[in-house]
Amino acid sequence: MPGKSAASRWTSLADLRALSAAVWDRGQLLREALDPSGVYPRRRVLKRPSATELRGDYAAAREWAARLFAAEGPFSLETVDVGRTTIGSNRLPAVAVFASVEDEIEFAGKQRETKQFLSLAAELGGLDPALQAWAARRPKQLLVLGQDALLAARVALWLRDHPSPAVYVRQLRLPGVHTKFIEAHRRTIDEMVEALRPALAGTLPSDDDSGAADPGLDDSVLGTPIARTPAARFAERHGFLHQPEQVRFRLLDPSIPLLGDARDITVTASAFESLRLPVTHVIITENLVNFLALQERAGTLAIFGKGYGFSSLRDAAWLQSCQVLYWGDLDTHGFRILDQLRSVHPHVSSVLMDEETLLAHRDAWSVEASPSRAALTRLTPNEALVYQGLQAGTYGDRVRLEQELIAWEWALERLNVNAPPAPRSL
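About the thresholds
Residues numbered from 1 in each chain as written. Predicted model: local features only at pLDDT ≥ 70, side-chain atom pairs only at ≥ 80, totals over all residues. Heavy atoms only, no water. Helix = DSSP H or I, 4+ residues; strand = E, 2+ residues; numbered from the N terminus. Buried < 20%, exposed > 50% of the residue type's maximum accessible area, 1.4 Å probe, protein only. Contact = heavy atoms within 4.5 Å. Areas by Shrake-Rupley, 256 points an atom, 1.4 Å probe, with all protein chains shown as cover. pLDDT = per-residue confidence, 0-100. Core = buried A, V, L, I, M, F, W, Y, C linked by side-chain atoms within 4.5 Å. Pairing = 2+ DSSP bridges. Axes fitted to C-alpha atoms, helices over the stretch in contact; angles between N-to-C directions. Phe/Tyr/Trp six-rings, centres within 6.5 Å; stacked < 30°, edge-to-face > 60°. Salt bridge = Lys/Arg side-chain N within 4 Å of Asp/Glu carboxyl O.

Enquirer: Can you tell me about the overall build of the chain, naming the residues and giving the values?
Expert: Broken down by element type, the chain carries 19 helices and 11 strands. In the chain, buried positions account for 46% of the 426 residues. In the chain, the share of contacts with a sequence separation of at least 24, taken over all contacts with a separation of at least 6, comes to 70%. In the form shown here, the chain has an accessible surface area of approximately 21300 Å², with 53% of it arising from carbon and sulfur atoms.

Enquirer: How would you sum up the confidence of the model for the chain? Please name residues and give values.
Expert: Looking at the chain as a whole, the pLDDT averages 87, with 87% of positions reaching at least 70. A low-confidence stretch, residues 199–226 stays under pLDDT 50, and its non-local contacts, those more than four residues away or across chains, total 55 contacts. Low pLDDT, under 50, characterises residues 422–426; the predicted model gives this stretch 8 contacts beyond four residues in sequence or across chains.

Enquirer: Residues and numbers for the nonpolar core, please.
Expert: Buried together is how nonpolar side chains tend to be arranged in soluble globular proteins. Ranked by internal contacts, the top residues of the largest apolar core, which has 61 residues, are Leu124, Leu142 and Met192. Not counting chain neighbours up to four residues away, the residues in contact with Leu124 comprise Leu131, Gln132, Trp134, Ala135, Leu142, Ala149, Leu150, Ala153 and Met192.

Enquirer: Explain the sheet that holds strand β8 (residues 323–327) residue by residue, including any values.
Expert: Ordered in space as β5-β4-β7-β6-β8-β9, the 6 strands form an open sheet in which the pairing is mixed. Every interior strand has two partners, whereas the edge strands, β5 (264–268) and β9 (349–350), have only one. Examined bridge by bridge, β8 and β9 share 2 bridges and lie parallel to one another. Looking at the pairing, Tyr326 lines up with Ser350 of β9. Contacts between helix α16 (residues 332–344) and the sheet are confined to β6 (281–285), β8 and β9, with β8 contributing the most and set at about 155° to the helix.

Enquirer: So what about unusual backbone geometry? Which residues, and what values?
Expert: A negative phi angle is the norm for most residues apart from glycine, just as the trans form is the norm for most peptide bonds. Note the cis peptide between Tyr40 and Pro41, where omega equals 5°. Not every positive phi belongs to a glycine, and Ala166 is a case in point at roughly 55°. Among the structural elements, Ala166 can be located in the loop between α9 (148–161) and α10 (179–184). Of note in this structure, Leu352 is not a glycine but carries a positive phi near 60°. Mapped onto the elements of the fold, Leu352 is located in the loop between β9 and α17 (355–359). Among the residues examined, Leu352 registers a relative accessible area of 2% and is labelled buried.

Enquirer: Lay out the packing of aromatic side chains with the relevant residues and their values.
Expert: Going through the model one piece at a time under the given rule, you end up with 11 aromatic pairs. Residues Trp158 and Phe240 carry aromatic rings whose centres are separated by 6.4 Å and whose planes lie at 10° to one another, so their mutual orientation is stacked. In this pair, Trp158 sits in helix α9 while Phe240 sits in the loop between α13 (230–238) and β4 (246–251), placing the two residues 82 residues apart along the sequence. Accessibility expressed as a relative area gives 7% for Phe240, which makes it buried. Taking 6.3 Å as the distance between ring centres and 25° as the angle between the ring planes, the aromatic pair formed by Trp327 and Trp408 counts as stacked.

Enquirer: Give me the pattern of salt bridges: which residues, what numbers.
Expert: Where charged atoms from two side chains of opposite charge approach closely, those side chains can pair. Using the criterion set out here, one finds 19 salt bridges in the structure. When the shortest N-O distance is used, the salt bridge between Glu78 and Arg43 registers 2.6 Å. On the criterion of sequence distance, the pair formed by Glu78 in strand β2 (residues 76–82) and Arg43 in strand β1 (residues 42–45) is long-range, its members being 35 residues apart. Where Asp339 meets Arg378, a salt bridge forms, and the shortest distance between an N and an O atom there is 2.9 Å. Placement of the pair is Asp339 in helix α16 and Arg378 in the loop between β10 (366–367) and α18 (381–392), with a sequence separation of 39 residues. Since its relative accessible area comes to 5%, Asp339 is described here as buried.

Enquirer: Quick one: what's the story with the sheet that holds β2, residue by residue and with numbers?
Expert: The sheet built from 3 strands is open, its strands ordered β1-β3-β2 with antiparallel pairing. Each end of this open sheet is capped by a strand with a single partner; those strands are β1 and β2. The sheet shows a mean angle of 35° between the axes of neighbouring strands, taken without regard to direction.

Enquirer: Got a sec to walk through α13? Specific residues and values, please.
Expert: Summarising burial for α13: 7 of the 9 residues are buried, a large majority. Burial in α13 covers these residues: Pro230, Ala232, Arg233, Phe234, Ala235, Arg237 and His238. Those residues of α13 that are buried lie in contact with α9, α10 and α11 (186–196). Gly239 occupies a position one or two residues after α13 and carries a positive phi of about 80°.

Next up, the structure:
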């Protein structure tokens, strides 16, 4: 395989521009334009032809140097004398020098964006100097947000002045601000509030605004009932009211009176805590169809789970007197959810989360996008073997078996082993 040509190793004009573009992409040029740190003049050392390379391909070296000399303006060039003792003295570019950040911004072709950034940062600074400091930390974010950053700043200032508003976000009355705006900009508002309260710096937790279950959550989701979703965590942090967490359940025993013929019911978490139903068995499943398809059986309640959101079950002490089965996906996150559920209810047993079920459904396997790497301490030995096998790729690359793909006859057989008989019809 032929090696690279000598010219390909020299710093070209495009290479130099790419270096400036990379500094721009990291936000450093914007920060420097807003708050100079003294790094300019900035010198960028160039990879240049050696005397041997100059002698071997003089024409290529001369063309390389000519392009750099022709581009001088935003930068100047320091040169060195090369080849004096072999082919004669040649002055070659050795260092590109940017006298100011404005010169490098011009070279990167980012004057318009910089002007916009400085204007926005000045407006933020006019609202509060701490917000201009936020702009220096998040320059690229400010550019993306544009005028929305000013609206977010007004929300942050309002929250600073009203630390416990005790109203719903929907009730916030600021021009141009509505619930969807706050939902879209929670992270920015959090950061600005933190900037406005320097004594509290570092106290605001990071938020996941994706709306998906967060695989990085720790056991705190189980210990804080209202803080399961990004919206709930935002409300809790800033003293807003938030709609109560809800639990959906089905009473599988038709002989137990409830609300007339209603068997599929959704109640608040606090109401669920207070239930006093004569049930002895509880099945928690993550899949809605499985939840709806579970058959009638004596003394049994089915709960529709919500991934990592088990905070709603934290204070339901009556679950301690029931046999509780958890049926989750056969993947690493299914086991992690099981592990976290046991931090609240240690007596929970898993069902259909075993190696036999996994291997019997090879044709239904899929790929788990981001497997959990957490060390779980609440699994049984058999569960731990499967979990570790999934992590290690023992069964294949990131194997996942979603619970809804398990054959229904297979599922019923194993569920019936762990449940009381169906109630007799009157």
